[in-house]
Amino acid sequence: MGFSKIMSVALALEKEIIDLDFESLALHSSVKSYYRFDLTKIRYVTQCNAFILHHILDGSNKPIQEIMIVDHGAGLGFFSFLVKKIGARCISHDLSEEYLDGIKTIGTKLNLAPDEYLLGGTEALATFVLQNNIHIDGIGSRNVIEHIPDYREFFKTLNSFLKSPCNVVITTSANMHHPMVKKIHEKIHAQYELVGSGMDMDDPTINEAQCGLKIRSALIQTHFPNLSSDEVKRLAILNRGFTEALIVHRIENYIKTGILPTPHSDPTNTCDPYTGTWVERLVSIQDYKNAAVQQQFEFKHLSGFYSTSYSAWYKNMMGLFLNLLLIIPGPWRIHISPFLAMKLTKS
């Protein structure tokens, strides 16, 4: 199925998503917030989903109704609905029960409900696929890998249950090779570390309780109540990017030796110490490639593209110009691409 056909179907779905009275549906508040947020950039979301699906299906000769695709980190399920609308089968997979419930409700309303819903991490997906002897033809994952605690383990888990032929298409807005994108993400890291996190997708209010330094300080005080406030503050700074077990181990070593732990090798990346979830983690394309190749995947870097659906004409003109540049082959393209995109193939 060519990209033009997929995009035509995606645009028809876009209209259905826009026209749906989602506010009247029994959806969790966070799902409605996410829906409102995506509507502000719905054409770009549509294009990104079509882009991912095109690269998953590229080269497949299998009848579309026999193809099974996983929407990894499904969120609102817009990609799942596109998979269903082209006639393929789909597993919606997410860590959040609220979002999976939302996908069921929205999908039923659109008459595009996925075939399976799976709650849990990638290990749960592996168990489900192996126990049910399901052949996965493709996985689509958008803006998920930058949050995964360990992308190397993620690729390892994928390798444990995927069989040839299968295409895994992953995109992330965290492109450290684009200077401006990198700077934006470093500001996001700094905000989480020093101020807090946003309350919801379409709510700019900052939740100061979700501040990295405060969370780690409280963690350290719980485990080591005899440390001075100055020590707690210093150790909270030095343990950015580490999870609870490692933080405890590093501080125990500090108490024994008096030697402060070395900070994380990355200057800004930060995570939730309890879950290991990264805050828009910046990782090089080479590191992703090395981890994927180690797990016997063929790896291909795909060029991203800019939105041309802004309200300001000059932004659209700039987007068109940059998209033309991104068509030209060359290793420099990654430095102007607004997002990282990669295709892992089991062949």
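Residues numbered from 1 in each chain as written. Predicted model: local features only at pLDDT ≥ 70, side-chain atom pairs only at ≥ 80, totals over all residues. Heavy atoms only, no water.

Peer 1: Help me out: how do you make sense of the overall build of the protein chain in this one?
Peer 2: What the protein chain contains, in helices and strands, is 13 helices and nine strands. Computed over C-alpha atoms, the radius of gyration of the protein chain comes to 21 Å, within 12% of the 20 Å expected from 2.2 N^0.38 for 347 residues, which places it in the range of a compact globule. Each principal axis of the C-alpha atoms in the protein chain carries an extent, and together these give about 65 × 50 × 50 Å. Within the protein chain, the fraction of its 347 residues that count as buried is 51%. Partitioning the intrachain contacts of the protein chain with sequence separation of at least 6 by distance along the chain shows that 68% fall at a separation of at least 24. Counting every atom, the protein chain has about 16900 Å² of accessible surface; 55% of that belongs to carbon and sulfur. Within the protein chain, the 35 negative side-chain charges are centred at a point lying 6 Å from the centre of the 33 positive side-chain charges. (Helix = DSSP H or I, 4+ residues; strand = E, 2+ residues; numbered from the N terminus. Rg over C-alpha atoms; globule rule 2.2 N^0.38 Å. Buried < 20%, exposed > 50% of the residue type's maximum accessible area, 1.4 Å probe, protein only. Contact = heavy atoms within 4.5 Å. Areas by Shrake-Rupley, 256 points an atom, 1.4 Å probe, with all protein chains shown as cover. Lys, Arg positive; Asp, Glu negative; His and termini not counted. Charge placed at Lys NZ, Arg CZ, Asp CG, Glu CD.)

Peer 1: Before we go on, may I ask you to explain the sheet that holds strand β9 (residues 340–346) in this structure?
Peer 2: Here seven strands make up an open sheet; going across it, the order is β3-β2-β1-β4-β5-β9-β8 and the pairing mixed. Across the chains shown, the open sheet's two edge strands, defined by having one partner strand only, are β3 (116–119) and β8 (298–302). Put simply, the sheet's adjacent strands are angled 15° from each other on average, direction ignored. Where β8 meets β9, five bridges bridge the pair, whose relative direction is antiparallel. Residue Lys300 lies in a different strand from β9, and its bridge partner there is Lys343. (Pairing = 2+ DSSP bridges. Axes fitted to C-alpha atoms, helices over the stretch in contact; angles between N-to-C directions.)

Peer 1: Just checking my understanding: could you explain the environment of Lys156 for this structure?
Peer 2: Here Lys156 shows up in helix α7 (residues 151–161). The spacing of Lys156 and Asn143 is 13 residues in sequence and 19 Å in space, taken between C-alpha atoms.

Peer 1: When you look at the side chain of Ser33 in this model, what are you seeing that I'm missing?
Peer 2: Secondary-structure assignment places Ser33 in helix α2 (residues 29–39). Among all residues touching Ser33, those that are not within four sequence positions of it are Asp200, Met201 and Asp202.

Peer 1: So what exactly am I meant to see when it comes to the pairing of strand β2 (residues 89–94) here?
Peer 2: Remember that side chains alternate between the two faces of the sheet whenever the strand is regular. Burial runs high along β2: five of the six residues are buried. Sheet analysis places strand β1 (residues 68–72) next to β2, joined by five bridges and oriented parallel. Looking at β2, one finds that Met68 is bridged to Arg89. Pairing between β2 and β3: four bridges, direction parallel. Bridge pairing in β3 links His93 to Leu118.

Peer 1: I keep staring at helix α9 (residues 212–223) and nothing clicks. Help me out?
Peer 2: Each full turn of the α-helix corresponds to 3.6 residues, which orients residues three or four apart in the same direction. Over its 12 residues, α9 extends 17 Å from the first C-alpha to the last, a length consistent with the 16 Å expected when each residue adds 1.5 Å. Of the residues making up α9, those classed as buried are Gly212, Ile215, Arg216, Ser217, Leu219 and Ile220. Against α8 (179–194), α10 (229–238) and α11 (244–257) lie the buried residues of α9. (Expected span 1.5 Å × (residues − 1).)

Peer 1: Just checking my understanding: could you explain the side chain of Ser303 for this structure?
Peer 2: Structurally, Ser303 is set in the loop between β8 and α13 (313–327). Among the polar contacts listed, one links the side chain of Ser303 to the side chain of Arg333, at a separation of 3.3 Å. (Polar contact = N/O pair within 3.5 Å; in protein donor to acceptor, adjacent residues only side chain to side chain.)

Peer 1: Any chance you could explain a nonpolar patch on the surface here in plain terms?
Peer 2: A contiguous nonpolar patch, built from Trp313, Tyr314, Met317 and Leu320 and spanning about 520 Å² of accessible area, is present on the exposed surface. On the secondary structure map, Met317 appears in helix α13. (Patch = residues over 30% accessible without salt bridge, like charges linked within 9 Å, V, L, I, M, F, W, Y side chains within 5 Å. Salt bridge = Lys/Arg side-chain N within 4 Å of Asp/Glu carboxyl O.)

Peer 1: It is not clear to me how the nonpolar core should be interpreted in this structure. Could you clarify?
Peer 2: If you look at the biggest cluster of nonpolar residues, it comprises 45 residues, and the most contacted ones within it are Tyr35, Leu53, Ile69, Phe78, Phe81, Ile106 and Leu110. Counting residues per element, the ones that place at least two in this core are α1 (3–19), α2, α3 (42–57), α4 (78–85) and α5 (97–110). Here this core takes 10 residues from α3, the largest share from any one element. Among residues more than four places away in sequence, those in contact with Ile106 are Leu20, Leu25, Leu27, Val31, Tyr35, Leu76 and Phe81. Core analysis: the second largest hydrophobic core is formed by 33 residues, Ile91, Val283, Ala292 and Leu340 among them. (Core = buried A, V, L, I, M, F, W, Y, C linked by side-chain atoms within 4.5 Å.)

Peer 1: Explain the pattern of salt bridges to me, please; I cannot follow it from the model alone.
Peer 2: Side chains bearing opposite charge may pair, as long as their charged atoms lie close to each other. Under the defined criterion, the tally for this structure stands at eight salt bridges. Lys84 is paired through a salt bridge with Asp115; the nearest N and O atoms lie 3.0 Å apart. Here the residue Lys84 occupies a position in helix α4, and Asp115 occupies one in the loop between α5 and β3, the gap between them amounting to 31 residues. Residue Glu193 pairs with Arg216 through a salt bridge whose shortest N-O separation is 2.7 Å. Taken together, the positions of Glu193 in helix α8 and Arg216 in helix α9 put the pair 23 residues apart, joining distant regions of the chain. What makes Glu193 buried here is its relative accessible area of 8%. Looking at Arg216, the relative accessible area reads 0%, which means it is buried.

Peer 1: Before we go on, may I ask you to explain the environment of Ile18 in this structure?
Peer 2: Note on placement: Ile18 falls in helix α1. A residue is classified by how much of its surface remains accessible, and Ile18, at 43% relative accessible area, is partly exposed. A sequence separation of 255 residues divides Ile18 from Pro273, and the C-alpha atoms of the two residues are 38 Å apart. Excluding anything up to four places from it in sequence, Ile18 contacts Leu39 and Ile42.

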